[in-house]
There are 2 protein chains.
Amino acid sequence: MKQINVGIVGYGVVGNGVARILEEKKELLIKKSGIQINLKKVFTRNWNKSFPYPLPEEKKAYSLEEITEDKDIDIVVELTGGIEFPYNLITECIKKGKHVVTANKALLAEKGKDVFLLAEEKGIRIGFEAAVAGGIPIIRALREGLVANSIERIYGILNGTTNYILTKMLKEKKDFNSVLKEAQELGYAEADPTLDINGTDAAHKIAILASLSYGGFIDFSGIYVEGIEKVNNLDISLGRELGYTLKLLAIAKSHNGEIEVRVHPTFLPSEHPLAKVDGVYNAVMVEGDSVGETMFYGKGAGSLPTASSVISDIVDIGKSIALGVGREIEVTSMNWEHKDLSLTKVSDFYTRYYLRFTVPDVTGVLARVAAVFAKYSISIAAVIQKEKVLSFTGEKKEKVVPLVILTHTASENNIQKAIKEIEQEKITVEKTVLIRVEDEEI
Amino acid sequence: MKQINVGIVGYGVVGNGVARILEEKKELLIKKSGIQINLKKVFTRNWNKSFPYPLPEEKKAYSLEEITEDKDIDIVVELTGGIEFPYNLITECIKKGKHVVTANKALLAEKGKDVFLLAEEKGIRIGFEAAVAGGIPIIRALREGLVANSIERIYGILNGTTNYILTKMLKEKKDFNSVLKEAQELGYAEADPTLDINGTDAAHKIAILASLSYGGFIDFSGIYVEGIEKVNNLDISLGRELGYTLKLLAIAKSHNGEIEVRVHPTFLPSEHPLAKVDGVYNAVMVEGDSVGETMFYGKGAGSLPTASSVISDIVDIGKSIALGVGREIEVTSMNWEHKDLSLTKVSDFYTRYYLRFTVPDVTGVLARVAAVFAKYSISIAAVIQKEKVLSFTGEKKEKVVPLVILTHTASENNIQKAIKEIEQEKITVEKTVLIRVEDEEI
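Bear in mind the structure is a predicted one, so any value in this text is a computation, not a measurement.

Caption draft 1: Examining the overall build of chain A more closely. Helices and strands together make up the secondary structure of chain A, namely 14 helices and 20 strands. Taking 442 residues into account, the globule formula puts the C-alpha radius of gyration at 22 Å, and chain A, at 25 Å, falls close to it. The principal-axis extents of the C-alpha atoms in chain A amount to approximately 80 × 45 × 35 Å. Put simply, chain A has 442 residues, and 61% of those count as buried.

Structural data, given as structure tokens:
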């Protein structure tokens, strides 16, 4: 039986999980895959601390070269952080003929083009199932299970931290900052949660899914990203009244030869399966032209769920190695269209909008707002004007109340113009809240 | 570029979908897979009718031999019905060195052992992604994506017809027969819906998932199967009050070296993701020891969703053929444990129960029922006694009311003894309704 040797670089939460499964499930993996996977060496900078899954001395590497220079190591599992270090490591491995498995979404989203083109040139496989949605086998589903489909749309809840926060804000009516603090205490948010809450992490993941689905490379800096830092309980509850649930949604769509990729707080109909995905869970809805709507749900992070995906890649690549499969038809890169993908500009977005204006409670305000909407051809689907007093304004201390308008599908360009005009005309007394709505009305 | 030749036997709804996608997406499939798939011939008994996707004359086969004897055909797609005919066809193809793709769950569940062992012997691959849950790539997920997991549990909503009926019964409070009639008119239920509503279809599918997950063969006749024919609206609404939603659930679990496989109407907590799967959709929840709970959701039937899965198998097998991959490590069969699996007997089930007794509304009835429960060590979790009068009984025309008891986990054996005793003692005036409850309390 062919033995496949694996080296791991980075021995954090996921690395420990991978080592544990490779050791404890050796026999199961042999039975299921027909190959023997041997964890040969693990490198981490500091072995002088305790690990959830301690390794015997002979498996510890004290220099990176013990892995990169070892000709017996077939697959290198990269589980470090950042971008520069793993980029250098992975490109070195590729050049040395080692296949690579990585969970590093930032690297793949921001430097994937270089990595995948080099891998394709050298006939090397890059496994990245663990980079998106943890234990959910979504990469395999898109690449193989749904191969017969043109992908029309992907909606993803791809960041557990923000989904946990939004779920708590909705269910316990707590504000953003207190829920974030709670999430940090419970370990659901990192000490520095910036990349999670500002949407960058979800954007990395949707960039990867979009690249794979549409077969080309995406300029990460061109993706529209908005986080949940400014999300207000008032909007969560007003949205609920209108039948919508707020999620940090990662979206990829294809139309007119362009790919629309965006991440922002989004109202989904409360009956939508994704609206019901609560807490730290991830879910990805994929709509293909043949299969229709499918959804994949599971744990998006954590030691063993992520390790489960890392190992699925090790087995897959290991089987190819054992079979002596060349690279003739293996699509190693995501670039099956062999091109850069062109991204839709934010001003060209065309969707529905929830707008909350903060207005004095006087006659004629709604008429003035509606007139501006009409001027920009924006059609109104629903209005909520609440008696809830937010503050008082002006000399007469008029009551200030929220005025919520849900539009039909409109262009982002027109919406922004209308908001600007309404704010400039001082119909409103505070900055307008804009939340995009996805409900397939188009 | 390697050309893979495909023959289809059976040109119904799915066959038309497969032919359409193979023809219309030829270019996309070449780009994504690196191989060219050529639909060479299709056989059906009667070409003298109209088809949703009509074929040119040169692709029509008028005898089965035009496919089975054609040495150029690499893959035969079997899309006929029944068991004997496809069994003979598939075994003939295997012997002739042709790989097989099938959507025939009945065949695989009832004669899979013969088929897979023969295929393994001959080095032939059998693709069956389309046999379970239509377009959802659940076979690939279990086989590859979750390869690192010991599967602890599978819950499946695997039959769209029954899920449609139960959803309608719940939401519109209609009874079984009127909803079934409606479903037939809308094409969601077949003219003869027996195999759907009696649970056989779902049982075929869970047998396949269980075989694959636990790596052996299952004696189909040993699976416990109960359909939805006797489901009553009263139980659906009483269950709802207790916080449960009724689904026809297909279950596979492993414990103590045995596999428990069963299909029956089941109460799931209304907050469970599967409880929210409505209408004709299918969903499969898989719990693995590494990945935790994952769920896969999508269309379980229909021309293009099922064809999407058929084509994923054609591409997968086609790529192997093109690479000249032998059978050294390809697990062609589901039998990676190389054994028959031992099934748990129904009397050894151990779960929670919803029991509805029909009792006269007189003092002491609950005490008598509770005494029998105590005798058999069955612990009661909740009781609902309703004032709703079902009928009148006895000389005094006493009111007859429903008495619902939700138990904690208990053995099926004890439950059956308790029901028998309660019925024999004539505490009840009608047959007791028993519905199993799954809520992970164990």
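Caption draft 2: View of the UniProt feature "binding site: L-homoserine" (unreviewed entry) in chain A. Residues and elements named next belong to chain A. Following the UniProt record, the feature "binding site: L-homoserine" (unreviewed entry) maps to Glu-190 here. Structurally, Glu-190 can be placed in the loop between α8 (176–186) and α9 (194–197). Glu-190 has contacts with Gln-184 and Asp-196, leaving out every residue within four places of it along the chain.

Caption draft 3: Quick look at the pattern of salt bridges. Evaluated as defined, the whole model comprises 74 salt bridges over all chains. For Glu172(B), the salt bridge identified is with Lys174(B), shortest N-O distance 2.8 Å. On the basis of relative accessibility, which here comes to 34%, the residue Glu172(B) falls in the partly exposed class. Among the charged side chains, a network of salt bridges with common partners joins Arg125(A), Glu129(A), Arg140(A), Asp313(A), Asp316(A) and Glu144(B).

Caption draft 4: Spotlight on the relation of the copies chain A and chain B. Rotating chain A by 180° and translating it 0.0 Å along the rotation axis places it on chain B, where the RMSD comes to 0.0 Å. This pairing of chains is accounted for by a two-fold axis. By C-alpha distance to the rotation axis, the residue of chain A lying nearest is Phe296(A), at 2.4 Å.

Caption draft 5: Structural view of the packing of helix α13 (residues 365–375) of chain B against helix α14 (residues 412–424) of chain B. All names here are of chain B. For the pair α13 and α14, interaxial distance at closest approach is 9 Å and the crossing angle is 145°. Between α13 and α14 lies a crossing whose hand is right-handed. The segment α13 lies against α14, with Val-369, Val-372, Phe-373 and Lys-375 engaging Ala-418, Glu-421 and Ile-422. Counted by class, the contact of α13 with α14 contains five nonpolar, no polar and two charged residues.

Caption draft 6: Quick peek at the pairing of strand β2 (residues 36–43) of chain A. Residues and elements named next belong to chain A. Within β2, six of the eight residues are buried, which leaves it mostly tucked inside the rest of the structure. Two elements, strand β1 (residues 3–9) and β2, share seven bridges in a ladder whose sense is parallel. Counterpart to Val-9 in the pairing with β2 is Phe-43. In this structure, β2 lies alongside strand β3 (residues 60–61), joined through two bridges in parallel fashion. Bridge pairing links Phe-43 to Ala-61 in β3.

Caption draft 7: Structural view of α8(A). Residues and elements named next belong to chain A. Buried within α8 we find Phe-176, Val-179, Leu-180 and Ala-183. Burial along α8 is one-sided: seen end-on, the buried residues are contained in an arc of 105°. Facing away from the buried surface of α8 by more than 90 degrees, the exposed residues are Asn-177, Lys-181 and Glu-185. Those residues of α8 that are buried are in contact with α7 (160–172), α9 and α11 (233–241). Phi turns positive one or two residues past the end of α8, at Gly-187, with a value near 80°.

Caption draft 8: Local environment of helix α10 (residues 200–214) of chain A. All names here are of chain A. An ideal rise of 1.5 Å per residue puts 21 Å on 15 residues; α10 measures up with 21 Å between its terminal C-alpha atoms. Judged by how many residues are buried, α10 sits mostly within the fold: 15 of 15 residues are covered. Directly beyond the C-terminal end of α10, a positive phi value near 75° is found at Gly-215.

Caption draft 9: Layout of the sheet that holds β2(A). All names here are of chain A. As summarised here, the arrangement of the six strands in space is β3-β2-β1-β4-β5-β6, forming an open sheet in which the pairing is parallel. Among the strands making up the open sheet, the edge pair consists of β3 and β6 (126–127). Note that strand β5 (residues 99–102) and β6 share two bridges and pair parallel. Across the sheet, the residue bridging to Val-100 is Ile-126, located in β6. With respect to the sheet, helix α12 (residues 303–323) is in contact with β1, β2, β4 (75–78), β5 and β6, its orientation differing from that of β5 by roughly 165°.

Caption draft 10: Broad picture of the sheet that holds strand β5 (residues 99–102) of chain B. Spatially, β3-β2-β1-β4-β5-β6 (chain B) is the arrangement adopted by the six strands of the open sheet, whose pairing is parallel. The strands lining the two open edges of the sheet, one partner per strand, are β3 (60–61) and β6 (126–127) of chain B.

Caption draft 11: Summary view of the environment of Pro305(A). Topologically, Pro305(A) is positioned in helix α12. Linking Pro305(A) and Val77(A), residues 228 residues apart in sequence, is a C-alpha distance of 16 Å.

Caption draft 12: How the structure looks around the UniProt feature "domain: ACT" (unreviewed entry) in chain A. Under the UniProt annotation, the feature "domain: ACT" (unreviewed entry) is placed at residues 354–437 of chain A. Measuring from the first to the last C-alpha atom of residues 354–437 of chain A gives 7 Å, for a span that is 29% helix and 39% strand.

Caption draft 13: Summary view of the nonpolar core. Ranked by size, the top nonpolar core spans 172 residues in total, and within it Ile138(A) and Ile138(B) carry the most contacts. Apart from the residues within four sequence positions on either side, Ile138(B) is in contact with Glu129(B), Val132(B), Ala133(B), Leu209(B), Val284(B), Val286(B) and Phe296(B).

Caption draft 14: Looking closely at the interface of chain A and chain B. The interface is formed by 50 residues belonging to chain A together with 50 residues belonging to chain B. Together chain A and chain B conceal approximately 4700 Å² of surface at their shared face, both sides included; 61% is due to carbon and sulfur atoms. On inspection of chain A and its partner chain B, the count reaches six salt bridges. Summed over the shared surface of chain A and chain B, the result is 16 residue pairs in polar contact (both at pLDDT 80 or more). Secondary structure elements with two or more residues in the side of chain A that touches chain B: α2 (26–33), α6 (138–145), β13 (292–299) and α12 of chain A. Ranked by the residues each element gives to the side of chain A that touches chain B, the list is headed by α12(A), at nine residues. The residue inventory of the side of chain A that touches chain B, partitioned by class, reads 25 nonpolar, 13 polar and twelve charged. Bridging between β13(A) and strand β12 (residues 292–299) of chain B involves three bridges; their strand directions are antiparallel. Paired with Tyr297(A) across the strands is Met295(B), a residue of β12(B).

Caption draft 15: The packing of aromatic side chains, seen in detail. Across all of its chains, the model carries 21 aromatic pairs over all chains by this definition. Judged by centre distance (6.1 Å) and plane angle (75°), the rings of Phe357(B) and Phe373(B) are edge-to-face. Placement of the pair is Phe357(B) in strand β13 (residues 350–360) and Phe373(B) in helix α13, with a sequence separation of 16 residues. Pairwise contacts between aromatic rings join Tyr11(A), Trp47(A) and Phe51(A) into one cluster. Above the plane of the ring of Tyr87(A) lies Lys111(A), whose end atom (NZ or CZ) is 4.2 Å from the centre. The positively charged end of Arg153(B) is found above the aromatic ring belonging to Tyr155(B), 4.6 Å away from the centroid.

Caption draft 16: Inspection of the domain arrangement of chain A at higher detail. Entries for chain A in the domain assignment read domain 1 (3–137 + 303–339), domain 2 (145–298) and domain 3 (347–437). One C-alpha centre belongs to domain 1 of chain A, the other to domain 3 of chain A; they are set 51 Å apart.

Caption draft 17: Quick look at the environment of Ile419(A). Residue and element names in this part refer to chain A. For Ile-419, the location among the structural elements is in helix α14 (residues 412–424). Spatially, the C-alpha atom of Ile-419 lies 7.2 Å from that of Thr-432, the residues being 13 residues apart in sequence. Residues in contact with Ile-419, not counting those within four places in the same chain, are Leu-355, Thr-432 and Leu-434.

What counts and how
- Residues numbered from 1 in each chain as written.
- Chains lettered and ligands numbered in written order.
- Predicted model: local features only at pLDDT ≥ 70, side-chain atom pairs only at ≥ 80, totals over all residues.
- Heavy atoms only, no water.
- Helix = DSSP H or I, 4+ residues; strand = E, 2+ residues; numbered from the N terminus.
- Rg over C-alpha atoms; globule rule 2.2 N^0.38 Å.
- Buried < 20%, exposed > 50% of the residue type's maximum accessible area, 1.4 Å probe, protein only.
- UniProt positions renumbered as here; feature names shortened; annotations may be inferred.
- Contact = heavy atoms within 4.5 Å.
- Salt bridge = Lys/Arg side-chain N within 4 Å of Asp/Glu carboxyl O.
- Least-squares fit on C-alpha atoms with pLDDT ≥ 70 in both.
- Axes fitted to C-alpha atoms, helices over the stretch in contact; angles between N-to-C directions.
- Left-handed = near helix turned anticlockwise from the far one by under 90°.
- Nonpolar A, V, L, I, M, F, W, Y, C, P; charged D, E, K, R; others polar.
- Pairing = 2+ DSSP bridges.
- Arc of directions from axis to C-beta.
- Expected span 1.5 Å × (residues − 1).
- Core = buried A, V, L, I, M, F, W, Y, C linked by side-chain atoms within 4.5 Å.
- Buried area = accessible area lost by both parts, 1.4 Å probe.
- Polar contact = N/O pair within 3.5 Å; in protein donor to acceptor, adjacent residues only side chain to side chain.
- Phe/Tyr/Trp six-rings, centres within 6.5 Å; stacked < 30°, edge-to-face > 60°.
- Lys NZ or Arg CZ within 6 Å of the ring centre and 35° of its normal.
- Domains from an automatic or database assignment.

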